[in-house]
Amino acid sequence: MSKNLKLNMSRRIRRTPYTNRVEEHGVSDFTVVNHMLLPKRFKNSVEEDYWHLSKDVQIWDVSCQRQIQVSGPDAATLIQKLTPRSIKNMQIGKCFYIPMLNDDAGMINDPVLLKLDDDMFWISIADSDILLWAKGYALGLNLDVNIEEPDVYPLAIQGPKSEELLISIFGQEIKKIKFFNFRVLDFEGTKQIIARSGYSKQDGFEIYFKTHEKYFDNVEMGEKLWDTIWEAGKKYNISPGCPNLIDRIEGGLMSYGNDFTNENNPLECNLEKYCNGHVSHDFIGKQALTKIYNEGVKQKIRGIIFDGDRCSGIGQPLKVLSKDDKIIGQITSGIYSPKIKKNIGLSMILKDYWKIGEKIFVRNLDGTKRNGTITTLPFPD
Ligand code: THG
């Protein structure tokens, strides 16, 4: 594809309250997630960004992590139907990573669920249209719920200095927020949800910035939040960033639509620990999932370490071959890891070959082959 190819912007590709700032900081590439812009690259290389993320702090516009708000008397009932993970013991202030399945037990999303109140949840979605799915199901079951996409624009503050930076703005309360928990803190007289979470393996927070009627629009207050963090962050060597491919793959964090799709069940995605529903509550896909449990899966996501030139990212999946040249999987995310000093990738691998230490080949788009080895996720240090 031409390097100068441009995406034609329109109202269907939504900007965020931070897009002006992101552009001022010299963003060079975007992708589109949930019909909204997600920055993919600034001035530095992915590797420079990776080192910076591992020692300082970055500010990420992850507004595309849209929230689906489910509220009302039947909110908890509906949420429980939407996931095999039990929410019975979920406390207010908790975040749960939840698989969501269709009736064949195929993954339709892998969001983070937030419990705001006993009758109020946010589903912080990956790239698929859950609003329609949830509304359709609630209508079909005649449930007493309200489902909407509120004006919430998550801003991630990631990296080891994120805690100190946020303490300097929001106070010592920040320290009390445990991993995958949130608290409601004040910003300029408005209440904002701040969670210790994020799409990286570094310490970090996500501010679920919600607009407030006292401000003229989302952009005005969003820029105020961005600017406040940016100013305070200078002391901590803050830089603009985005989910980092090296950090994500090393950490074994999967990407919906890339590393797995609705063709895959949660057991193939190593998500069994988030599926206790095959023995307890009812949910969409239960029958199919129970059958898969009993029969076992045919493939699973594994890490792959492979030789050859430094891989700078994968535009199209690369086939993985067994030693006798049978296709046994495909690398769907891959890049050179400066820590492991080899290329690393994620691939669904057929059962006979998924053993750790198995020797394999990775086939380049031009047909040549590289040597590789199956390994654990997250990747070994
Ligand atoms: N944050 C929020 N929303 C999101 C994402 C996010 N929505 C889309 C996408 N990312 C959803 N996917 C993931 C995948 C992994 C994790 C979070 C969201 C994650 N997992 C931890 C891990 O695997 O180490 C553990 C989670 C747990 O133990 O409960 O962080 O990033 N708001």
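A. Quick look at the overall build of the chain. Of regular secondary structure, the chain possesses eight helices and 21 strands. Relative to its length of 381 residues, the chain is compact, with a C-alpha radius of gyration of 21 Å against a globular reference of 21 Å. By principal-axis analysis of the C-alpha atoms, the chain measures approximately 65 × 50 × 40 Å. Taking the intrachain contacts of the chain between residues at least 6 apart in sequence as the baseline, contacts between residues at least 24 apart amount to 66%.

B. Here's a closer look at the state of the cysteines. One pass over the structure, following the stated rule, counts zero disulfides. With no disulfide of its own, cysteine 269 lies 9.3 Å from the sulfur of cysteine 275, the closest cysteine sulfur. According to the relative accessible area criterion, cysteine 269 is buried, its value standing at 1%. There is no disulfide at cysteine 311, and the cysteine sulfur nearest it, in cysteine 242, is 17 Å away. Classification of cysteine 311 as buried rests on a relative accessible area of 10%.

C. Local environment of the sheet that holds strand β19 (residues 342-350). Strand order in the closed barrel formed by six strands is β16-β19-β18-β17-β20-β21, and the pairing between neighbours is antiparallel. Mean inter-strand twist for the sheet, computed between neighbouring axes without regard to direction, equals 40°. Examined bridge by bridge, strand β16 (residues 299-306) and β19 share eight bridges and lie antiparallel to one another. The residue of β19 that forms the bridge with arginine 302 is serine 347.

D. Region of the structure containing the site of the ligand. With respect to spatial proximity, 15 residues lie near the ligand, and among them Gln65, Ser124, Lys201, Glu206 and Tyr208 are the closest. Contact between the ligand and glutamine 65: a nitrogen atom at 3.3 Å from a side-chain N or O atom of the residue. One of the side-chain N or O atoms of tyrosine 274 is found 3.2 Å from an oxygen atom in the ligand. Surface burial for the ligand is 85%, taken as the share of its 640 Å² of free accessible area covered by protein chains. When the residues that make up the shell around the ligand are grouped by side-chain class, the tally is nine nonpolar, three polar and three charged.

E. Just the nonpolar core, in detail. Counting residues in each nonpolar core, the largest one holds 44 residues, and the members touching the most others are Leu114, Tyr208, Phe260, Ile304, Ile331 and Ile349. In this structure, tyrosine 208 is in contact with Gln67, Val112, Leu114, Trp122, Ser124, Val152, Pro154, Gln192, Ile193 and Ala195, ignoring residues within four places of it in sequence.

F. Summary view of the pattern of salt bridges. Using the criterion set out here, one finds 25 salt bridges in the structure. Arginine 21 is paired through a salt bridge with glutamate 223; the nearest N and O atoms lie 3.6 Å apart. Separated by 202 residues along the polypeptide, arginine 21 in helix α1 (residues 19-24) and glutamate 223 in helix α6 (residues 218-233) bring together distant segments of the chain. For the pair arginine 21 and glutamate 223, a shared accessibility class is recorded, and that class is buried.

G. Inspection of the sheet that holds strand β14 (residues 204-210) at higher detail. An order of β12-β13-β14-β11-β3-β15 is seen for the six strands of this open sheet, with the pairing classed as mixed. Two strands lie at the open edges of the sheet, namely β12 (182-187) and β15 (239-241), each paired on one side alone. The average undirected angle you get between the axes of adjacent strands in this sheet is 30°. Sheet topology note: the β12/strand β13 (residues 190-195) ladder contains six bridges and is antiparallel. Bridge pairing in β13 places phenylalanine 187 opposite threonine 190. Sheet strands in contact with helix α2 (residues 46-55) are β3 (58-61), β11 (152-158) and β15, and its direction is about 115° off that of β3.

H. Local environment of the packing of helix α5 (residues 162-170) against α6. For the pair α5 and α6, interaxial distance at closest approach is 10 Å and the crossing angle is 120°. In terms of axis orientation, α5 runs oblique to α6. Crossing of α5 over α6 shows right-handed handedness. Contact with α5, carried on its side by Leu165, Ser168, Ile169 and Phe170, involves Leu225, Thr228, Ile229, Ala232 and Gly233 of α6 and no other residues of that element.

What counts as what
- Residues numbered from 1 in each chain as written.
- Predicted model: local features only at pLDDT ≥ 70, side-chain atom pairs only at ≥ 80, totals over all residues.
- Heavy atoms only, no water.
- Helix = DSSP H or I, 4+ residues; strand = E, 2+ residues; numbered from the N terminus.
- Rg over C-alpha atoms; globule rule 2.2 N^0.38 Å.
- Contact = heavy atoms within 4.5 Å.
- Disulfide = S-S within 2.5 Å.
- Buried < 20%, exposed > 50% of the residue type's maximum accessible area, 1.4 Å probe, protein only.
- Pairing = 2+ DSSP bridges.
- Axes fitted to C-alpha atoms, helices over the stretch in contact; angles between N-to-C directions.
- Near = heavy atom within 4 Å.
- Polar contact = N/O pair within 3.5 Å; in protein donor to acceptor, adjacent residues only side chain to side chain.
- Areas by Shrake-Rupley, 256 points an atom, 1.4 Å probe, with all protein chains shown as cover.
- Nonpolar A, V, L, I, M, F, W, Y, C, P; charged D, E, K, R; others polar.
- Core = buried A, V, L, I, M, F, W, Y, C linked by side-chain atoms within 4.5 Å.
- Salt bridge = Lys/Arg side-chain N within 4 Å of Asp/Glu carboxyl O.
- Parallel < 35°, antiparallel > 145°, perpendicular 65-115°, else oblique.
- Left-handed = near helix turned anticlockwise from the far one by under 90°.

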